[in-house]
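# Chains, contacts and geometry: an overview
Take a look at the letters that make up each chain.
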Amino acid sequence: MIETKGLTKVFKNVVAVNHLDLKIEEGDTFGFIGPNGAGKTTTLRMLATLLRPTFGDATIRGLSITFQAEFVRPIIGFMPDFFGVYGDMRVDEYLEFFAACYRIRESKRRRLIADILELTDLTVKQDSMVESLSRGMKQRLALARVLINDPKVLLLDEPASGLDPRARIEIRELLRELTRMGKTIFISSHILSELEQLCNRIGIIEKGLLLYSGKMQDLMQKVQPKRTLEIELRDGADKAQELLQNHPQVLSVTLEDKRLQVELAEGTDDVGFVARDLALKGFSLVSYREKLPDLETVFMALTKGIVA
Amino acid sequence: MKIFGPILAGELKAVVRRKRTFIIRMVYIGLCFLVVYSTAKNLTKSPSFMRSSIGIIIFTYFALTQIIMLLMLTPALASGSIAKEKEEGTLGLLFLTRVSPREIVWGKFSSRLLYVALLVAASLPLLSISFVFGGVSLIQLAIVFLLTGATVILAGAISVYFSTLLERAHTATIATYGVLFFYFFLLPVVLLPLLFLPMVLGLHEIFNYINPLFAMSAAFSWGMGAGADWTMWLGISWNIAFPILLSVLLLRAASRRLHRISFLEKESSKRWGRLRKALVPRRPRRLFSFRKSKAYPLLWRETYIRPASRFRVLVLVAFGLVALCEISYSILILAYQGQAVLDPAEIVGTIYLVVFCLLTFVFTALSASLAFVTERERNSWEPLLVTPVSRRSLVWAKFLGTAQDAAPFLLVTFFHLGLMYLAQILSGWEFVGILSVIMATFAFVVALGLVISLGSKRSVRALAAGVMSFLGLAFLLPWLSGFFEQEGLSKVLWGASPLYWLTALGRLDEPGYTWIPWWGVYLFLISYAVAALSLFLFAILRFDRLATKT
């Protein structure tokens, strides 16, 4: 669906994006993360055909962003990291304006706009002036605008930036709905917990270089190859610690607040043996779970905060 | 070509909804009415005028007011059309739709032009007054409207072109006004000495072709009994055809440029960049050094960092203009040296002086009125306010920044004044008098601009208020004097205008030439100096109240 090959952008002496190779399949929700100035917006603007790559190329549905920009544009929807709305229009007029710009026939426009307003929960605001909308509403309107030409690929640059928690959750739900509709979404964000819940694939960029691209689970494993268990017992936690420390597949056991942190040896696939052993020795388990690193931990582990 | 697409429809909706649209229409009609009313009132009072002459004079005043107002209005309406989309980031979103760059350019242009046409249509009932008195032929009416139309089209096309070329709306507005000012006002001024050269050379005929305003004045003089020769018809035809042709070419260039931006064929012109670098150094030399001052960081930014790119453009414009003017002026001085009767060197010299002063003051007003408001727009205002830099230092730094911006024009004015003194057109005390008038007006304009800028939230509004305040003072006051029958009040209104003193000071020694006593100049200087000082004090004392106004 989206494929970049050696995509590079140089601004004077600064390499903003350095030989970026990405592959995103149809229906994927791809989260693109990186520190400020890492090259996320530059990549998105290149994919949106609004910035010409210095070297390399990218294709969207097999169409080159450099040589077939006029064919790429109708199949993408781009939402920049600023509002990009006309304050002196009404919400429905704003959408109608862009519908007309996309040459959507007048007979179809009304129905389409009504559907999009409903999808984005803006029906009650359709007669309001754009400038009177809250930040969250404006962001939803921008998303509604992106959907007006029914694009197959959505390029979203920081869609939840500066929004309050409620507006963020609403945008996230909207994006989930779009994923269910089969759209391919390329989203950059600083709010890593959002991406964690939304994306099935992730890309981490720093100083213009792609540090990782692939499935979220693979990334977790890459960052934390040794699995860790968190076990809470009703009583006898210190005895359980002694017991587990002697197990050949256990590397270390620490006790914190009656909870055991059990680090397993690399390559351990079966994590159930600890529970079995504890149950056989008569320990009563309150909780038992594998401790996974969150995206923030992964991000901090992979990046160094260097700007291009 | 599809120009009546969504861009035009969207623009028309938005334009009609703006409060500004209504205000502009009311002010426009109001001013047209004032001109027609005052002219008719003055003429009908005088028994010596024939009814037919009254008709043509009202028509002339109306047509000239209309074209000048439209020339001022069209750039204000059109020059931000595309640049504003760039500023707000919506142009890229339009590129992603199926709307072509040509459609964007023509849509924006035609929407603004339709609005101007609406203004013209709204003022038509006022024009009918001149037909009540008679004396205006339909051909003259057609000529005037065709010339006005061609002028507005050209102004609109230049506006849209700069809007495409430049990144900021107010830069595009300033550039458009600059070009229009040159075409309609400075070009005739530069060529003015040609009028005084011997007629046999036929060089004065060039004025028929310079711009539509001159062609229009030829049509008026024809209506007042002057003969219509082929040069007049050729001049009129040229001034209708040339602006339209130029407009089409400009709009085509704008579409091409937008197409290039849209498809990223060329991001920036390296050739022009290299030329610009070669012409002037990257940073201008500092005019002031304030390393020991408490406000040093701010002064350093104001006088050294901020004007880096703008300064070199101004230097080029100011000195290019003076070079053009002074060459022809020097020829005139040499040609007429020693001739006592109505010395053309004195007339042209005074006109040049007024023009240079006008340029200096308008530019000073422009720079001063943007001084604080741009900080507010860039969100650098509040961080600056919480620093330990005192309010007095802030005002002082902005004053010097403005002075540095205006310095090229001031120097050009002083140079011309010096030339007039050396050519013995001005005596020593006339020279000092004019210099004092210039400095007092300059201080007043800076102070007024800074106060306006301090209390404004939008740069475009501050800019309009600053420039209009000065123009009002210079032109509106003398014009208003016509409405008052008391001689004393008329004199006060005339005497308050710096333009009066700039033109009259050279003649104070000629008995009976000026109609305001010689001590009027002292009154002018004292009142302007006091007003400037009061405004500076007001800016410093009320700084926090004005600066934190929400």
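Residues numbered from 1 in each chain as written. Chains lettered and ligands numbered in written order. Predicted model: local features only at pLDDT ≥ 70, side-chain atom pairs only at ≥ 80, totals over all residues. Heavy atoms only, no water.

## Things to note about the overall build of chain B
The condition is simple: Here a strand is any run of E in DSSP of at least two residues, a helix any run of H or I of at least four, and the numbering for each starts at the N terminus. Exposure classes here rest on a 1.4 Å probe applied to the protein chains alone. A residue is buried below 20% of its type maximum, exposed above 50%, and partly exposed in between. Surface accessibility in these figures is a Shrake-Rupley result with a 1.4 Å probe; residues are shielded only by whichever protein chains are displayed.
Each helix and strand counted, chain B has 25 helices and zero strands in total. The buried share of chain B, taken over its 550 residues, is 51%. When the accessible surface of chain B is totalled, it reaches about 26300 Å², and 69% of it is carbon and sulfur.

## As for the overall build of chain A
For the record, the criterion: Charged residues are defined narrowly, with Lys and Arg counted positive, Asp and Glu counted negative, and His plus the chain ends left uncounted. Taken as the charge centre is NZ of Lys, CZ of Arg, CG of Asp or CD of Glu, depending on the residue.
When helices and strands are counted, chain A shows eleven helices and 14 strands. The principal-axis extent of the C-alpha atoms belonging to chain A is close to 75 × 45 × 30 Å. Residues counted as buried form 51% of the 308 residues belonging to chain A. Averaging the positions of the 43 positive and the 44 negative side-chain charges in chain A gives two centres separated by 4 Å.

## A few points about the packing of helix H3 (residues 91-101) of chain A against helix H5 (residues 135-147) of chain A
Residues and elements named next belong to chain A. This is how it is decided: Interaxial angle, 0 to 180 degrees, is taken between N-to-C directions of lines fitted to C-alpha atoms, where a helix line uses only the stretch in contact. Roughly parallel refers to an angle under 35 degrees, roughly antiparallel to one over 145, roughly perpendicular to one between 65 and 115, and oblique to any angle outside these ranges. Crossings are assigned a handedness: left-handed for a near helix turned anticlockwise from the far helix by less than a right angle, right-handed for a clockwise turn. For this analysis, residues touch if any pair of their heavy atoms sits within 4.5 Å. Put simply, Ala, Val, Leu, Ile, Met, Phe, Trp, Tyr, Cys and Pro go in the nonpolar bin, Asp, Glu, Lys and Arg in the charged bin, and everything else, Gly too, in the polar bin.
At a minimum axis distance of 9 Å, the contact between H3 and H5 shows a crossing angle of 30°. When the axis of H3 is compared with that of H5, the two are roughly parallel. Here H3 and H5 pass one another in a crossing that is right-handed. Across the interface between the two elements, Val91, Tyr94, Leu95 and Phe98 of H3 pack against Leu141, Ala144 and Arg145 of H5. When grouped by side-chain class, the residues that make up the contact of H3 with H5 number six nonpolar, no polar and one charged.

## Digging into the side chain of A:Asp157
All names here are of chain A. Our working rule: One side-chain nitrogen of Lys or Arg within 4 Å of one carboxyl oxygen of Asp or Glu is enough to make a salt bridge. Whenever two N or O atoms come within 3.5 Å, that pair is a polar contact, provided that in protein one can donate a hydrogen and the other can accept it, and provided that, for residues adjacent in sequence, both atoms are side-chain atoms.
Inspection of the secondary structure puts Asp157 in strand E7 (residues 153-157). The charged side chain of Asp157 is buried without a salt bridge, its nearest counter-charge being Lys40 at 6.8 Å. Of the polar contacts made by the side chain of Asp157, one reaches the side chain of Thr41; its length is 2.9 Å. A distance of 2.7 Å separates a polar atom in the side chain of Asp157 from a polar atom in the side chain of Ser188. Those residues in contact with Asp157 that lie beyond four places of it in its chain are Thr41, Leu44, Met79, Pro80, Asp81 and Ser188.

## Some remarks on the interface of chain A and chain B
The line we're drawing: Values labelled buried area give the accessible surface lost by two parts on being combined, using a 1.4 Å probe and summing over both.
The partner chain B presents 26 residues to the 29 residues of chain A that form the contact. Both sides together, the interface formed by chain A and chain B hides about 2500 Å², and carbon and sulfur atoms give 60% of it. Seen at the junction of chain A and chain B, the total is two salt bridges. The partner of B:Glu103 in a salt bridge is A:Arg103, and the shortest N-O contact between them spans 2.5 Å. Summed over the shared surface of chain A and chain B, the result is six residue pairs in polar contact (both at pLDDT 80 or more).

## Details of the packing of aromatic side chains
What counts here: To pair, rings of Phe, Tyr and Trp, with the six-membered ring standing in for Trp, must have centres within 6.5 Å; the planes then decide the type, stacked if under 30 degrees apart, edge-to-face if over 60, and tilted in the middle. A ring has a charge above it when a Lys NZ or an Arg CZ is no more than 6 Å from the ring centre and no more than 35 degrees off the ring normal.
Throughout the structure, instances matching the rule amount to 22 aromatic pairs over all chains. A ring pair is formed by B:Trp238 and B:Phe242, whose centres lie 4.7 Å apart and whose planes are at 15°; its orientation type is stacked. Pair noted here: B:Trp238 and B:Phe242 are both in helix H12 (residues 230-262), with a separation of four residues, about one helical turn. Owing to a relative accessible area of 39%, B:Trp238 belongs among the partly exposed residues under this scheme. B:Phe242 sits in the partly exposed class, given a relative accessible area of 24%. Here the aromatic rings of B:Phe399 and B:Phe536 are separated by 5.4 Å at their centres, their planes lie at 85°, and the arrangement is edge-to-face. Within this pair, whereas B:Phe399 is found in helix H19 (residues 391-422), its partner B:Phe536 is found in helix H24 (residues 520-541), the two being separated by 137 residues in sequence. The exposure class of B:Phe536 is buried, given its relative accessible area of 18%. Through a chain of ring-to-ring contacts, three or more aromatic side chains come together here, namely B:Phe444, B:Trp494, B:Tyr500, B:Trp501, B:Phe524 and B:Tyr528. Between the NZ or CZ atom of A:Arg145 and the centre of the ring of A:Phe98, over which it lies, the distance is 5.5 Å.

## Things to note about H3(A)
One turn of an α-helix holds 3.6 residues; hence residues three or four places apart share an orientation. A large share of H3(A) lies buried, amounting to eleven of its eleven residues. Along H3(A), the residues that are buried comprise A:Val91, A:Asp92, A:Glu93, A:Tyr94, A:Leu95, A:Glu96, A:Phe97, A:Phe98, A:Ala99, A:Ala100 and A:Cys101. Each element contacted by the buried residues of H3(A) is listed here: helix H4 (106-119) and H5 of chain A together with helix H1 (6-17) and helix H5 (90-95) of chain B. One or two steps after H3(A), the chain reaches A:Arg103, where phi turns positive at roughly 60°.

## Digging into the environment of B:Ser456
Residues and elements named next belong to chain B. With respect to the secondary-structure elements, Ser456 resides in the loop between helix H20 (428-455) and helix H21 (459-480). Exposure remark for Ser456: the relative accessible area of 12% places this residue in the buried category. With residues near it in sequence (within four places) discarded, Ser456 still touches Val373, Arg376 and Ala462. There is a polar contact of 2.6 Å between the side chain of Ser456 and the backbone oxygen of Ile452.

## Some thoughts on the nonpolar core
Rules: For the purposes of this section, nonpolar cores are sets of buried Ala, Val, Leu, Ile, Met, Phe, Trp, Tyr and Cys residues that join through side-chain atoms within 4.5 Å.
Ranked by internal contacts, the top residues of the largest apolar core, which has 152 residues, are A:Leu155 and A:Phe186. Looking at this core element by element, the count peaks at 13 residues for helix H3 (residues 51-78) of chain B. Setting aside residues no more than four positions away along its own chain, A:Phe186 makes contact with A:Ile2, A:Leu22, A:Ile24, A:Phe30, A:Phe32, A:Thr43, A:Leu44, A:Leu47, A:Leu154, A:Leu155 and A:Leu156. Residues B:Leu370, B:Ala371, B:Ala447 and B:Leu454 belong to the second largest nonpolar core, which totals 82 residues.

## Re the sheet that holds strand E13 (residues 259-264) of chain A
Two orientations exist for strands paired in a sheet by backbone hydrogen bonds: parallel and antiparallel. All names here are of chain A. What counts is decided by this rule: Note on pairing: DSSP must find at least two bridges between two strands before they are called paired.
Strand order across the open sheet formed by four strands is E12-E13-E11-E14, with antiparallel pairing between neighbours. Where the open sheet ends on each side, the last strands, each with one partner, are strand E12 (250-256) and strand E14 (285-291). Between one strand axis and the next, the sheet turns by 20° as a mean value, whatever way the strands run. Note that E12 and E13 share six bridges and pair antiparallel. Its bridge partner lying in E13, Val253 is registered against Val262. Of the strands in this sheet, strand E11 (228-233), E12 and E13 are in contact with helix H9 (residues 237-245), which crosses E12 at around 170°.

## Looking at the pairing of strand E3 (residues 29-33) of chain A
All names here are of chain A. Of all five residues making up E3, five are buried, and the element is well covered by its neighbours. Examined bridge by bridge, E3 and strand E8 (residues 184-188) share four bridges and lie parallel to one another. By the bridge assignment, Thr29 is partnered in E8 with Ile185.

## Regarding the sheet that holds E3(A)
All names here are of chain A. Taken in spatial order, the six strands make up an open sheet running E6-E7-E8-E3-E9-E10, and their pairing is mixed. At either margin of the open sheet sits one strand with a lone partner, and together these are strand E6 (76-79) and strand E10 (209-215). Between one strand axis and the next, the sheet turns through 15° on average, direction left out of account. Note: E6 against E7, four bridges, orientation parallel. Considered in E7, the bridge of Ile76 is made with Val153.

## Overview of the pattern of salt bridges
Residue and element names in this part refer to chain B. Under the defined criterion, the tally for this structure stands at 22 salt bridges over all chains. Across the salt bridge formed by Lys84 and Glu88, the nearest N and O atoms sit 3.7 Å from each other. Taken together, the residues span about one helical turn, with Lys84 and Glu88 both in helix H4 (residues 83-88) at a distance of four residues. For Glu85, the salt bridge identified is with Lys108, shortest N-O distance 2.6 Å.

## Focus on the packing of H19(B) against H20(B)
Residue and element names in this part refer to chain B. The N-to-C vectors of H19 and H20 enclose an angle of 155°; their axes lie 11 Å apart at closest approach. One way to sum up the angle between H19 and H20 is to call them roughly antiparallel. Taken as a pair, H19 and H20 cross one another with a handedness that is right-handed. Note on element contacts: H20 touches H19 through Gly428, Phe431, Ile434, Leu435, Ile438, Met439, Phe442, Val446 and Leu450, opposite Val395, Lys398, Phe399, Thr402, Ala403, Ala406, Leu410, Thr413, Phe414, Leu417, Gly418 and Tyr421.

## Overview of the confidence of the model for chain A
The line we're drawing: The predictor rates its confidence in each residue with pLDDT, a number between 0 and 100.
Taken as a whole, chain A shows an average pLDDT of 83; of its residues, 97% reach a score of 70 or greater. Taken element by element, the predicted model of chain A shows its lowest mean pLDDT in helix H11 (residues 295-302) of chain A (71) and its highest in E8(A) (92).

## Digging into the confidence of the model for chain B
Looking at chain B, pLDDT values average 79 and 80% of them are 70 or higher. Taken together, the chains of this predicted complex give a pTM of 0.74 and an interface ipTM of 0.71.

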